[in-house]
Amino acid sequence: MKVILSKHAGFCPGVRKAVDTATDAAREEKVFTWGPLVHNSEMLAYLEKSGIRPITELPESGVVVIRSHGIGRRQWEELEASDCRLLDATCPHVARIHTIVRQLPPQTQLVVVGDCNHPEIQGIVGWAQGAVSFVNSIKEAEALKVGAPSAVVVQTTFNRDRAEEILCLLHEKQPEIEIYKTICPATELRQQEAAELSRNTEMMLVVGGKNSANTAKLVEVCRQSGVITYHIETAKELDPRWFHGVDSVGVTAGASTPDWIIREVVDMLTEINNEEMGEEKKEENQEESQEALEQQTKPLAVGDIVAGTVVQVNPEEVLVDVGYKMEGIIRKDELSFRKVEQCSDLVSTGDSLEAEVTKLTEDLLELSVRRASQDKAWQEVREAFDNQLPVTGKVVEEVKGGLIVDLGLRGFMPASLVDLRFVEDLSQFVDQEVTVMVIELERRRNKVIVSRKAHLMQQVEEEKKKTLETLEEGNTVKGIVRRLTSFGAFVDVGGIDGLVHISELAHHRVEHPSEVLQEDQEVEVYVLKVDAEAERVSLSIKHILPDPWTTIGQKFKAGDVVEGKIVRLADFGAFVELVPGVDGLVHVSQIAEDHVEKPSDVLTVGETVKVKILDIDSKGKRVSLSIREAESRTRRQPKAEGGDEGGSIGVTIGERLGSLFATESEDKDEPQQGEQPVEQPVEEPKEEPVEEPAEEKPAEEPKGEPVEDAKEEPVEEPAEEPAEEKPAKKARKKPAAKKAAEEGEEETKEESPEAEQSADKEK
């Protein structure tokens with residue numbers, strides 16, 4: 001037969017504290033307890049032998065110990081006013097209920113869930129200021145009238161499942177009722193273990209006083225599982241006939257049952273079992289039972305790692321039940337290396353913790369979660385560092401130069417190792433879970449350096465390798481624009497950044513990628529080339545965009561006059577954008593009726609002009625344009641190099657002579673296609689001094705280009721320089737030059753005005 005002892009059987013921390021307080025005081029003085037210290041006759045007999053006697057009236061002198069159940073306000077005030085020395089051993093959970101009740105306003109209706117005759121309930125009611133109602137069952141809860149305001153507390157040893165049903169019912173009746181769940185975590189844990197043990201054994205033994213409320217609840221919990229359950233006070237009540245044919249027995253005990261009574265029960269079970277076994281089995285069974293009992297009653301020592309449940313949370317410390325004779329204390333600084341204002345920022349009542357025993361005396365048990373977690377964390381971090389494995393932790397603080405990561409110990413992450421790119425605002429990572437690589441470790445100096453960047457780079461390399469294996473030329477994939485430069489855009493296509501050259505961004509000319517893209521934008525790209533060895537990928541956006549040349553023939557036809565924007569100037573002409581991606585060429589000979597040396601003399605980039613479409617070659621992606629024919633009646637003059645235009649005598653003479661010779665030239669030469677007859681310039685009647693030289697020159701000089709002689713006279717005037725070019729260009733309209741311009745030569749090879757003047761003189 002296998003005997004299984006519940007881990008949390010026996011004294012709870014509150015009862016143990018009360019018993020130890022009384023026995024310690026009894027060594028020097030006469031000790032009284034206000035009511036029975038425990039609900040166990042065997043234990044009470046033992047205490048009485050030690051000189052500890054329960055009372056209900058005040059003695060004349062001596063020490064009075066307040067038991068774990070606590071007392072009401074009236075009894076407390078009477079004891080304080082007496083000559084007795086008062087020792088308070090009230091359970092911390094009961095004391096918490098007293099505080100809650102004491103702080104409720106007098107008009108608040110107090111509902112107490114529990115046995116109204118229990119000493120704990122009587123003590124609680126003694127601190128109430130208003131009306132009090134009692135509920136011990138679902139039926140009583142259904143019959144209760146709950147007003148507002150109201151509040152409810154629960155007896156610390158009450159059945160957890162039944163309490164939940166009652167609280168839900170009360171909340172349905174009065175949604176605004178304040179509910180305080182005050183069941184002792186140790187009691188709740190004891191009941192949970194009893195239920196679990198009863199489901200895995202064939203029989204349960206519950207050891208405890210017949211009048212003990214918490215022991216009676218354990219019996220109820222076990223029987224609810226359907227297992228055979230016996231309630232005994234001592235080992236003398238065991239009947240060997242109970243165990244015939246039973247393979248496993250579970251043992252638990254109430255909070256008032258001392259360890260030595262539990263030991264007697266286990267020893268008796270072992271003897272009963274041995275009577276039906278051979279010698280080897282007897283020894284083996286005795287060893288197992290002894291080991292289980294020793295484990296249950298094993299004394300603690302400094303350095304031990306214990307598991308416990310948080311039973312009370314104060315601003316500066318936490319009380320933990322570790323199954324010892326007293327509750328362990330964990331100071332705020334020993335909860336974690338984190339800096340917090342109060343303990344509730346880290347733990348809550350009911351939380352399970354592992355802690356190291358740092359100090360142990362008869363009246364003090366101090367624990368440290370920080371030390372226990374650090375020892376365990378160092379092993380995990382060391383393993384991660386040796387095997388280059390990632391670890392996960394929470395960012396708890398921003399400090400100068402980086403972040404603090406909680407790995408169970410303090411890990412520092414420099415700002416430069418937070419992300420793949422530098423992060424200015426590190427506060428965005430606080431309270432976030434991050435995965436990092438341990439890059440430096442030195443326990444002697446308690447130094448741990450971690451890097452999130454290293455983990456991200458590891459992920460990127462894995463993703464890059466996978467992408468290069470699957471990426472194929474000619475495919476269209478989605479990507480994220482990561483960076484823009486003057487020569488193109490880098491697009492992340494799965495862990496690797498491919499380059500979209502600026503010439504591959506669009507069909508039209510793009511000066512800078514920011515004109516068509518922005519960072520973090522999702523785009524579709526065409527894979528032009530993949531170089532796996534060099535880890536280079538060439539991409540194109542233009543390739544998947546519709547080609548405007550395929551529809552240009554539908555939008556325009558030869559002979560149309562449209563508006564366009566000059567996008568580029570060259571020596572041989574100007575490029576005009578008709579639609580984005582389609583530029584037409586205006587040859588230098590088609591810019592104006594007058595000779596233009598360079599397109600930049602009369603046009604500027606960005607200027608909007610009217611053009612006539614001469615020819616469209618969609619296949620060859622060429623469009624021939626003409627400004628001259630689109631604006632046949634508008635003359636474009638070359639840009640003046642300096643001075644005021646038309647403000648000198650020389651300019652007036654040049655214009656008039658140019659008009660005269662232009663008229664004669666037109667009589668000889670047929671006008672070119674698209675040209676209009678040259679109009680006479682508007683005469684300015686006020687410029688009388690110009691007429692005399694203008695009349696002499698035509699009479700003396702032959703037809704040709706006599707303008708240069710007329711321009712020699714006003715050379716000294718700076719304002720006359722623009723006037724020299726105007727008549728010269730008008731006089732240079734020769735049929736040969738016009739013919740060359742119509743044939744679309746890249747450059748019109750005409751003689752300069754100075755060369756023509758020299759030739760005339762030689763003639």
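Rules used throughout
Residues numbered from 1 in each chain as written. Predicted model: local features only at pLDDT ≥ 70, side-chain atom pairs only at ≥ 80, totals over all residues. Heavy atoms only, no water. Axes fitted to C-alpha atoms, helices over the stretch in contact; angles between N-to-C directions. Helix = DSSP H or I, 4+ residues; strand = E, 2+ residues; numbered from the N terminus. Left-handed = near helix turned anticlockwise from the far one by under 90°. Contact = heavy atoms within 4.5 Å. Nonpolar A, V, L, I, M, F, W, Y, C, P; charged D, E, K, R; others polar. Phe/Tyr/Trp six-rings, centres within 6.5 Å; stacked < 30°, edge-to-face > 60°. Buried < 20%, exposed > 50% of the residue type's maximum accessible area, 1.4 Å probe, protein only. Lys NZ or Arg CZ within 6 Å of the ring centre and 35° of its normal. Pairing = 2+ DSSP bridges. Expected span 1.5 Å × (residues − 1). Core = buried A, V, L, I, M, F, W, Y, C linked by side-chain atoms within 4.5 Å.

K.L.:
Please clarify how the packing of helix α8 (residues 185-199) against helix α9 (residues 213-224) should be interpreted in this entry.
P.N.:
One can describe the packing of α8 onto α9 by two numbers: an axis separation of 8 Å at closest approach and a directional angle of 35°. Pair α8 / α9 crosses with right-handed handedness. Here Arg190, Gln191, Ala194, Ala195 and Ser198 of α8 lie close against α9, whose contacting residues are Lys217, Leu218, Val221 and Cys222. Among the residues making up the contact of α8 with α9, the classes are represented as five nonpolar, two polar and two charged.

K.L.:
Please clarify how the packing of aromatic side chains should be interpreted in this entry.
P.N.:
We describe a pair of aromatic rings using the distance from one ring centre to the other and the angle between the two ring planes. Enumeration according to the criterion identifies five aromatic pairs in this entry. Considering the side-chain rings of phenylalanine 487 and phenylalanine 490, the 6.2 Å spacing of their centres and the 90° angle between planes classify their relative orientation as edge-to-face. Residue phenylalanine 490 is classed as buried on the basis of its relative accessible area, which comes to 15%. Here phenylalanine 572 and phenylalanine 575 contribute two aromatic rings whose centre-to-centre distance is 6.1 Å and whose plane-to-plane angle is 85°, an arrangement assigned as edge-to-face. Assessed through its relative accessible area of 30%, phenylalanine 572 is described here as partly exposed. An aromatic cluster is built from Tyr230, Trp242 and Phe243, whose rings are joined through pairwise contacts. When the ring centre of tryptophan 127 is taken as reference, the NZ or CZ atom of arginine 102 above it lies at 5.2 Å. Arginine 568 extends its terminal NZ or CZ atom over the ring of phenylalanine 575, reaching a point 4.2 Å from the ring centre.

K.L.:
Teacher, can you tell me more about the sheet that holds strand β6 (residues 109-113) here?
P.N.:
With parallel pairing, four strands are arranged side by side in an open sheet as β7-β6-β8-β9. Sheet topology places β7 (132-135) and β9 (178-179) at the edges, where each strand pairs with a single neighbour. Sheet topology places strand β8 (residues 150-154) next to β9; two bridges connect them, and they run parallel. Within β9, the position partnered with alanine 151 by the bridge is glutamate 178. Seen against the sheet, helix α7 (residues 160-173) touches β6, β7, β8 and β9 and runs at an angle of roughly 175° to β8.

K.L.:
Would you mind going over helix α1 (residues 13-26) with me for this structure?
P.N.:
Each full turn of the α-helix corresponds to 3.6 residues, which orients residues three or four apart in the same direction. Over its 14 residues, α1 extends 20 Å from the first C-alpha to the last, a length consistent with the 20 Å expected when each residue adds 1.5 Å. For α1, the tally of buried residues reaches 10 of 14 residues, placing the bulk of the element in the interior. Buried within α1 we find Pro13, Gly14, Val15, Arg16, Ala18, Val19, Ala22, Thr23, Ala25 and Ala26.

K.L.:
Looking at this structure, I do not really get the sheet that holds strand β15 (residues 328-331). What am I missing?
P.N.:
Where strands meet in a sheet, backbone hydrogen bonds hold them as pairs that are either parallel or antiparallel. If you walk around this closed barrel you meet the five strands as β13-β14-β15-β17-β16, and the pairing is mixed. The mean angle between the axes of side-by-side strands here comes to 55°, regardless of whether they run parallel or antiparallel. Looking at chain direction, strand β13 (residues 305-313) and strand β14 (residues 317-321) are connected through four bridges and run antiparallel. Residue pairing for β14: glutamine 312 is matched across the bridge by leucine 319.

K.L.:
Explain the side chain of glutamine 174 to me, please; I cannot follow it from the model alone.
P.N.:
You can see glutamine 174 is positioned in the loop between α7 and β9. Discounting chain neighbours no more than four positions away, the residues touching glutamine 174 are Val146, Gly147, Ala148 and Ser150.

K.L.:
What is the right way to read the environment of methionine 437 from this model?
P.N.:
With respect to the secondary-structure elements, methionine 437 resides in strand β21 (residues 433-442). Here the alpha-carbon distance between methionine 437 and phenylalanine 385, two residues 52 residues apart in the chain, equals 7.5 Å.

K.L.:
What am I meant to see in unusual backbone geometry here?
P.N.:
Trans is the prevailing form of peptide bonds, just as negative phi is the prevailing case for residues other than glycine. Cis geometry is adopted by the peptide bond preceding proline 149, which originates at alanine 148 and carries an omega value of 0°. Its location among the elements puts proline 149 in the loop between α6 (138-143) and β8. The backbone of glutamine 388 sits at a positive phi, close to 55°, despite the residue not being glycine.

K.L.:
Please explain the nonpolar core as it appears in this structure.
P.N.:
One broad rule of soluble globular proteins: the nonpolar side chains tend to lie buried together. Judged by nonpolar contacts, the single largest core of 23 residues is most densely connected at Ile591, Leu603, Val611 and Leu625. Here this core gets four residues from one element, more than from any other, and that element is strand β29 (residues 573-579). Among the nonpolar cores identified, the runner-up in size contains 22 residues, and Val381, Leu403, Val434 and Val450 belong to it.

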